[in-house]
Number of protein chains: 2
Amino acid sequence: MRKLKTIELERKSLDQFKESPKIPLVVILDNLRSLHNVGSVFRTADAFRVKKLILVGITATPPNKEIQKTALGATQSVEWEYFKDIQDTINSLKKENICLISVEQTTNSQTLESLQLDKEKTYGLIFGNEVSGVNQWAIDQSDFCVEIPQEGTKHSLNVSVCSGIVLWEFYKQLR
Amino acid sequence: MRKLKTIELERKSLDQFKESPKIPLVVILDNLRSLHNVGSVFRTADAFRVKKLILVGITATPPNKEIQKTALGATQSVEWEYFKDIQDTINSLKKENICLISVEQTTNSQTLESLQLDKEKTYGLIFGNEVSGVNQWAIDQSDFCVEIPQEGTKHSLNVSVCSGIVLWEFYKQLR
């Protein structure tokens, strides 16, 4: 078992990535504080061919040196857009008939492993602030909520880890 | 859909966590440079009731203020041990009959979604340095390698995101 060289991984060039089909998934980052987390989600969105990232409110936007440290260039490949607030974001996505899912622990969230996605739909996954989570109004506007089952002592996972796990499950079903 | 309050999540106390059964999985972090990544893996290991974390080489150990920033207390719940080098780590784990899996892109890695785990076994997952990946000697000593399929422009995922995804798949099968 020999470790592959970077060239052997046959990763896409920027042009190849831009032209390649994406999975029908838009990822919304609402009021993320950490630039490290934003960069990390860009990198995950690149790996799983996500259609678009939407950065909302205080979530920082590229070009940004701190985002770049974890994104490692994925801000060039992944399409992104900025919205001033989550209300405008959701109103815009609803006009496009996007199925909105908040990633949050609520009174009736579905567990991640129970999700049955439909390849014909386009999904919008909303991730919230590191401390306060997804905004209650955004939850009210969502078609449903999803959560990752957790059995430890801590309230939640790190948001870049959480989004990595959720994007992986969506990628497996939508690719 | 109302967001749950922290108390409604019914998370385990430290004592309850210590007494709860763990999944048969040891996670090895070999020469991780980033304290942020180490803390983040502690938090994921807490959520998925991982048996033990093994911190190797230059990987920093608790107590450490920077690890704490992302671990948020999970260094208290998750059992951990330090080894000076990966050779000693692997020799020790082999004596315990642990099935060793390197998380690395190699000439014959299995894809994550194809894994069929055996609940009767104990697994050891090896994650390597952020830049150089898993050490080739450690790969040679492993039972097999696993990789997360990736289709973007970048070489790999962030190691805390990668470990989150892999631990999630192991948790689903081993819980």
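Rules of the game
- Residues numbered from 1 in each chain as written.
- Chains lettered and ligands numbered in written order.
- Predicted model: local features only at pLDDT ≥ 70, side-chain atom pairs only at ≥ 80, totals over all residues.
- Heavy atoms only, no water.
- Salt bridge = Lys/Arg side-chain N within 4 Å of Asp/Glu carboxyl O.
- Helix = DSSP H or I, 4+ residues; strand = E, 2+ residues; numbered from the N terminus.
- Buried < 20%, exposed > 50% of the residue type's maximum accessible area, 1.4 Å probe, protein only.
- Least-squares fit on C-alpha atoms with pLDDT ≥ 70 in both.
- Contact = heavy atoms within 4.5 Å.
- Buried area = accessible area lost by both parts, 1.4 Å probe.
- Polar contact = N/O pair within 3.5 Å; in protein donor to acceptor, adjacent residues only side chain to side chain.
- Nonpolar A, V, L, I, M, F, W, Y, C, P; charged D, E, K, R; others polar.
- Expected span 1.5 Å × (residues − 1).
- Core = buried A, V, L, I, M, F, W, Y, C linked by side-chain atoms within 4.5 Å.
- Pairing = 2+ DSSP bridges.

Enquirer: Tell me what's going on with the pattern of salt bridges, and back it up with residues and numbers.
Expert: Counted by the stated rule, this structure contains 14 salt bridges over all chains. A salt bridge links Glu8 of chain A to Arg2 of chain A, with the shortest nitrogen-to-oxygen separation between them at 2.9 Å. Glu151 of chain A serves as the salt-bridge partner of Arg49 of chain B, at 2.9 Å between the closest nitrogen and oxygen. Of this pair, Arg49 of chain B sits in the loop between α2 (35-47) and β2 (50-56) while Glu151 of chain A sits in the loop between β7 (144-147) and α7 (159-174), on two different chains. Exposure remark for Glu151 of chain A: the relative accessible area of 24% places this residue in the partly exposed category. Connected through shared salt-bridge partners, Glu169 and Lys172 of chain A together with Glu169 and Lys172 of chain B make up one network.

Enquirer: Lay out unusual backbone geometry in plain terms, naming residues and giving numbers.
Expert: Cis peptide bonds are those with omega within 30 degrees of zero, and the linkage from Pro62 of chain A to Pro63 of chain A qualifies with -5°. With respect to the helices and strands, Pro63 of chain A occurs in the loop between β2 (50-56) and α3 (65-71). Non-glycine residue Arg49 of chain A carries a positive phi angle of around 50°. For Arg49 of chain A, a relative accessible area of 11% translates into the label buried. You will see that Asn97 of chain B, though not glycine, has its phi angle at about 60°, which is positive. On the basis of relative accessible area, Asn97 of chain B is assigned to the exposed category, the value being 68%.

Enquirer: Break down the relation of the copies chain A and chain B for me, citing the residues and quoting the values.
Expert: Between chain A and chain B, which share one sequence, the superposing operator has a rotation angle of 180° and an axial displacement of 0.0 Å; the RMSD is 0.0 Å. Each copy turns onto its partner about a two-fold axis.

Enquirer: Kindly report on the interface of chain A and chain B, identifying the contributing residues and their values.
Expert: The interface is formed by 62 residues belonging to chain A together with 63 residues belonging to chain B. At the boundary of chain A with chain B, total buried surface from both sides reaches about 5,300 Å², with 53% on carbon and sulfur atoms. A per-residue breakdown of the area chain A buries against chain B is headed by Met1, Lys3 and Glu151 of chain A, which together make up 16% of the total. Note that Arg175 of chain A and Glu113 of chain B form a salt bridge whose closest N and O atoms lie 2.8 Å from each other. Summed over the shared surface of chain A and chain B, the number is 45 residue pairs in polar contact (both at pLDDT 80 or more). Counting residues per element, the ones that place at least two in the side of chain A that touches chain B are α1 (14-19), α2 (35-47), α4 (74-77), α6 (136-141), β7 and α7 of chain A. Looking at the side of chain A that touches chain B residue by residue, the class counts come to 22 nonpolar, 24 polar and 16 charged.

Enquirer: I'd like a description of the side chain of Ser77 of chain B, backed by residues and values.
Expert: Tracing the sequence through the fold places Ser77 of chain B in helix α4 (residues 74-77). Note on Ser77 of chain B: relative accessible area 2%, which makes it buried. Of note is the side chain of Ser77 of chain B, whose polar atom sits 2.6 Å from the side chain of Asp46 of chain B. Leave out the neighbours within four places in its chain, and Ser77 of chain B touches Thr153 of chain A together with Leu14, Phe17, Lys18 and Asp46 of chain B.

Enquirer: Tell me what's going on with the side chain of Thr44 of chain A, and back it up with residues and numbers.
Expert: Mapped onto the elements of the fold, Thr44 of chain A is located in helix α2. If sequence neighbours within four positions are ignored, Thr44 of chain A has contacts with Gly164 and Leu167 of chain A together with Leu157 and Val161 of chain B.

Enquirer: So what's going on with α2 of chain A? Residues and values would help.
Expert: Residues and elements named next belong to chain A. In this model α2 runs 19 Å from its N-terminal to its C-terminal C-alpha over 13 residues, within 8% of the 18 Å that 1.5 Å per residue would give. Of all the 13 residues making up α2, 11 are buried; the element is thus mostly covered by neighbouring parts of the structure. Of all the positions in α2, only Asn37, Val38, Gly39, Ser40, Val41, Phe42, Arg43, Thr44, Ala45, Asp46 and Ala47 are classed as buried. Its side-chain oxygen 3.2 Å from the backbone nitrogen of His36, Ser34 forms the N-cap of α2. One or two steps after α2, the chain reaches Arg49, where phi turns positive at roughly 50°.

Enquirer: Residues and numbers for the nonpolar core, please.
Expert: In terms of nonpolar packing, the biggest core is built from 84 residues, with Leu25, Phe127 and Phe170 of chain A together with Leu25, Phe127 and Phe170 of chain B touching the most fellow members. With residues near it in sequence (within four places) discarded, Phe170 of chain A still touches Leu25, Ile101, Leu115, Leu117, Tyr123 and Leu125 of chain A.

Enquirer: I'd love a proper account of the sheet that holds strand β5 (residues 110-111) of chain A, names of residues and values included.
Expert: All names here are of chain A. With parallel pairing, the seven strands of this open sheet are ordered in space as β3-β2-β1-β6-β4-β7-β5. At either margin of the open sheet sits one strand with a lone partner, and together these are β3 (80-83) and β5. Pairing between β5 and β7: two bridges, direction parallel. Among the inter-strand pairings, Gln110 is bridged to a residue of β7, identified as Val146.

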